[in-house]
Amino acid sequence: MTEGTTPLGPRVVLFCHWDGRGRVQEHTRRYAEALRAEGLSLVLTSNAGKLAPEDTDWANSVFATIILRRNVGYDFGAWRDALVACSLPRPETTQIILVNDSVYGPFRPLGQVLRRIEAAPEPVCGLTDSWQRRYHLQSYFLSFRPEAFRSRAWSTFWTRVLPSRSKEHVVVSYEIGLTQAMLRAGIACAALWPYVDLIDQVRQDCGARRLFDDVDEVRAAADQYILDAAKNREAMNPTANLWEKLLDNGFPFLKRELLRSNPSRVRDVARWRSAVRAIAPEEEDVVRRDLRLTMQKRSP
């Protein structure tokens, strides 16, 4: 662990990073800088085990603390180690935010998101929620207030996080398990962009297009797939199947996995360029530069 040039404040972001070469890519830098611009203190926990020399000076200027570790336990192992290494929560801690580098963006100011979290009555907030397997807040961005992180449920959960090498175990026991642990303890959890609201809006938009004979065949096909799945009560991944609806409603990110490999086989993902260009034109090239390094056997 190394200390950066800035002290740790009351609102702390634990930023999980991984890159096979130990590089901090451009989109990750921009995300971290956007968080820091909002007055948050950042802790970098890199599962790469190293940082390239050309990234070390930048990281020291942005992060209050830098932790280099092996990639065991994935994000939750990294966050657990950061909580221990930084003695969090401290007496002065008022907010802990867990994030990772699995997104492109932000395409919109993060201040809007942080103000919505601050105004929310729930002490645990994510950006999106999922009903896949079991209800949970998706773990790429999670915010906790003292009612949550000073609870017994919080401390018990983190003492049970093990350095697992199984991604399946991490998803089931930790990503889903954290939300479920909070809910079982009576601690309210909420998503800023709830899944059920997004599905309802797809229904409304489909009805409006039929009314005005406004047919975009690609989007209509994608929306029909969503409606068919919803009718059968099949849970979908909102950051994949509902990516465009999220952007339409002010969501600031796109998942890297969606663009690089599209494991959910989302039909309209090729529209990402025009969607990003419409809200943050300068970010399109940032995304494209990362895809040139990471995308295999497909085109953007």
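Residues numbered from 1 in each chain as written. Predicted model: local features only at pLDDT ≥ 70, side-chain atom pairs only at ≥ 80, totals over all residues. Heavy atoms only, no water.

(A) Structural detail: the overall build of the chain. Counting its secondary structure elements, the chain contains 14 helices and 11 strands. Relative to its length of 300 residues, the chain is compact, with a C-alpha radius of gyration of 19 Å against a globular reference of 19 Å. Dimensions of the chain, computed from the C-alpha atoms along their principal axes, are close to 60 × 45 × 35 Å. Counting only residues that meet the buried cut, the chain has 54% of its 300 residues in that class. Restricting to contacts in the chain with at least 6 residues of sequence separation, those with at least 24 account for 75%. Each charge class in the chain was averaged separately, 43 positive and 37 negative side chains, and the resulting centres sit 5 Å apart. (Helix = DSSP H or I, 4+ residues; strand = E, 2+ residues; numbered from the N terminus. Rg over C-alpha atoms; globule rule 2.2 N^0.38 Å. Buried < 20%, exposed > 50% of the residue type's maximum accessible area, 1.4 Å probe, protein only. Contact = heavy atoms within 4.5 Å. Lys, Arg positive; Asp, Glu negative; His and termini not counted. Charge placed at Lys NZ, Arg CZ, Asp CG, Glu CD.)

(B) Structural view of the nonpolar core. Counting 43 residues, the largest nonpolar core has Tyr31, Leu35, Phe63, Leu127 and Phe141 as the members making the most contacts within it. Listed in part, the 36 residues of the second largest apolar core include Leu8, Phe76, Trp79 and Tyr135. (Core = buried A, V, L, I, M, F, W, Y, C linked by side-chain atoms within 4.5 Å.)

(C) Structural view of the pairing of strand S7 (residues 124-130). The buried count for S7 comes to 7 of 7 residues, which makes it a mostly enclosed element. Pairing of S7 with strand S9 (residues 141-144), which is carried by 3 bridges, proceeds in the antiparallel orientation. Looking at S9, one finds that Cys125 is bridged to Ser143. As defined by bridge partners, S7 adjoins strand S10 (residues 189-193) across 4 bridges and the pair is classed as parallel. Bridging across to S10, Val124 finds its partner in Cys189. Two strands pair when backbone bridges link them, and S7 and strand S8 (residues 136-137) are joined in this way by 2 bridges, in the antiparallel orientation. Across the sheet, Ser130 pairs through a bridge with His136, a residue of S8. Between the antiparallel neighbours S7 and S8 lie 5 residues, among them Arg133 with a positive phi of about 70°. (Pairing = 2+ DSSP bridges.)

What is shown is where atoms sit, not what they do.
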